[in-house]
Amino acid sequence: MPNAAPGPPPDRAHPPVRDPESPRRVTLLELFFDLVYVVALALVSRGLVHHIGWEGALQSLIVLMAVWWTWAITTLVTDMYDPERPEIKLLITAVMFGVLLMTTAIPEAFDRRGLVFAGTYVAIHLGRGLFLIPAVRHHRQTQKRAARIFIWFAVSTVPWLVGAFAHDDAREALWAVALGIDYLGFRLAYPVPGLGAVPDAQRNVTAEHLSERYQQFFIIALGDAILTIGTMFSVNHSEVENIGAFTVAFGTTLLLWRIYVHKSGQLLPEAIARSRQPNRFLLTAPYTHLLMVAGVVTTAAGFDLVLHEPTGRTPPAWAAVILGGPALFLTGRACFEYEVFSRVSLSRPGGLLALLTIAPGVLFVAPVWAALGAMLVLAGVAVADHRRSRGRPPEDPAPPH
């Protein structure tokens, strides 16, 4: 009896979507992919230092939001698709190449390399859609989801590319509009006439994978702070001044980590898993973590300033960076806590109020003392967190809304 004709290989018979029953641990390729962002975040914080002021802050924010969105969307791709499949590995590698090229343009993104920055950003998002739509053609609902996302990024392509040929304020405005389209599309589930929005059933997330990815990126952001501490140690001042500034910067970094992990960072996987609406975290996590990452990047820029010149008076722009970084972090951390527990500890707004209170005074002291003030505020928040939870059983995540 003749043998039956062999069927197509399993990888080709099924689209590269995740098996709901398969483990979703983070892969080594995803960790390798994250390395690009160590460089990207470092360049963003250096750019803030070199162009300190309102315009420099706006430009740094635009660049950070663009870089962050390439990571956030790629993370969702690896949550929805199987990262062990060869085609998804190829996609991640291609995005990594694009992000690295985009990163090289960060220092002159608002100058002569604007087209490289914007063009690469557009190519990453449009290229991903052009790759996925045919790859999942046998899975109609997944293909429609990919098509919706592709259409929204196609719309934002116009202000991205037009802005690349514009100058100064016009480029900033057009790129801000483009980012608004990209972020709003995600928040609205990418509605498209004739297709509607992405159904809730296709927006479910995996607690183990997604929470690990966001935790890992936050550690990468702290890596930027550590990199700044290690590379900006000044030799132009006395050893006491150098070590004092070094100690304050390291202590602040340690406190940022401590406040992040207590307790929302530890309980995020459980909170997502227990929720009847896990996509609630999908909708909010990119924005809350962007705020916290922006806070860490700004804090790293403050380290750069303090380690370079710990003495003398603190200029207002320096004070805004040194105190603004921790303030941004605490704002994002409060939103993150609300995600997990549906409440905000008083230490978060208390810390923000304390930073605002000391702001006028730091203008009359050396930058290292301004940084010390910010560190003491963060220490107060960490102590309040510890006292609230000491001797009590672990707090459960909030029930789903």
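Each remark here, short or long, concerns the structure printed above.
A quick note: this is a predicted structure, and the numbers were derived from the prediction, not measured.

*Asks:* Whenever I open this one, a nonpolar patch on the surface confuses me. Can you help?
*Replies:* A cluster of nonpolar side chains, contributed by Ile219, Ile226, Phe246, Phe250, Leu254 and Trp257, occupies part of the molecular surface with about 540 Å² of accessible area. Those elements that place two or more of their residues in the nonpolar patch are α8 (207-231) and α9 (239-274). Among the elements that line the nonpolar patch, the one with the most residues is α9, at four residues. Structurally, the position occupied by Trp257 is in helix α9.

*Asks:* Sorry if this is basic, but what is going on with the packing of aromatic side chains here?
*Replies:* The way to describe two aromatic rings as a pair is by their centre distance and the angle between their planes. For the structure on display, the rule yields 21 aromatic pairs. Pairing Trp69 with Tyr183 gives two aromatic rings, centres 4.0 Å apart and planes at 20 degrees, and the pair type is stacked. With Trp69 in helix α3 (residues 54-80) and Tyr183 in helix α7 (residues 168-187), this pair connects stretches of sequence that are 114 residues apart. With relative accessibility at 0%, the residue Trp69 sits in the buried group. The buried category is assigned to Tyr183, whose relative accessible area is 8%.

*Asks:* Help me out: how do you make sense of the layout of surface pockets in this one?
*Replies:* Once rolled over the atoms, a probe with the size of a water molecule shows which space is left empty. Of the pockets and cavities examined, the largest pocket occupies roughly 500 Å³. As for the largest pocket, its lining consists of 20 residues, and the residues nearest its centre are Leu48, Trp54, Ala57, Thr298 and Leu328. If you list the elements that add at least two residues to the lining of the largest pocket, you get α2 (28-50), α3, α10 (279-308) and α11 (316-341). A total of six residues in the lining of the largest pocket trace back to one element, the largest contributor, which is α3. Looking at the lining of the largest pocket residue by residue, the class counts come to 16 nonpolar, four polar and no charged.

The rules behind the values
- Residues numbered from 1 in each chain as written.
- Predicted model: local features only at pLDDT ≥ 70, side-chain atom pairs only at ≥ 80, totals over all residues.
- Heavy atoms only, no water.
- Patch = residues over 30% accessible without salt bridge, like charges linked within 9 Å, V, L, I, M, F, W, Y side chains within 5 Å.
- Areas by Shrake-Rupley, 256 points an atom, 1.4 Å probe, with all protein chains shown as cover.
- Salt bridge = Lys/Arg side-chain N within 4 Å of Asp/Glu carboxyl O.
- Helix = DSSP H or I, 4+ residues; strand = E, 2+ residues; numbered from the N terminus.
- Phe/Tyr/Trp six-rings, centres within 6.5 Å; stacked < 30°, edge-to-face > 60°.
- Buried < 20%, exposed > 50% of the residue type's maximum accessible area, 1.4 Å probe, protein only.
- 1 Å grid on protein atoms, 1.4 Å probe; cavity = no way out; pocket = protein on both sides within 12 Å on 5 of 7 lines; lining within 4 Å.
- Points joined across faces, edges and corners; volume = space filled by probe spheres on them.
- Nonpolar A, V, L, I, M, F, W, Y, C, P; charged D, E, K, R; others polar.

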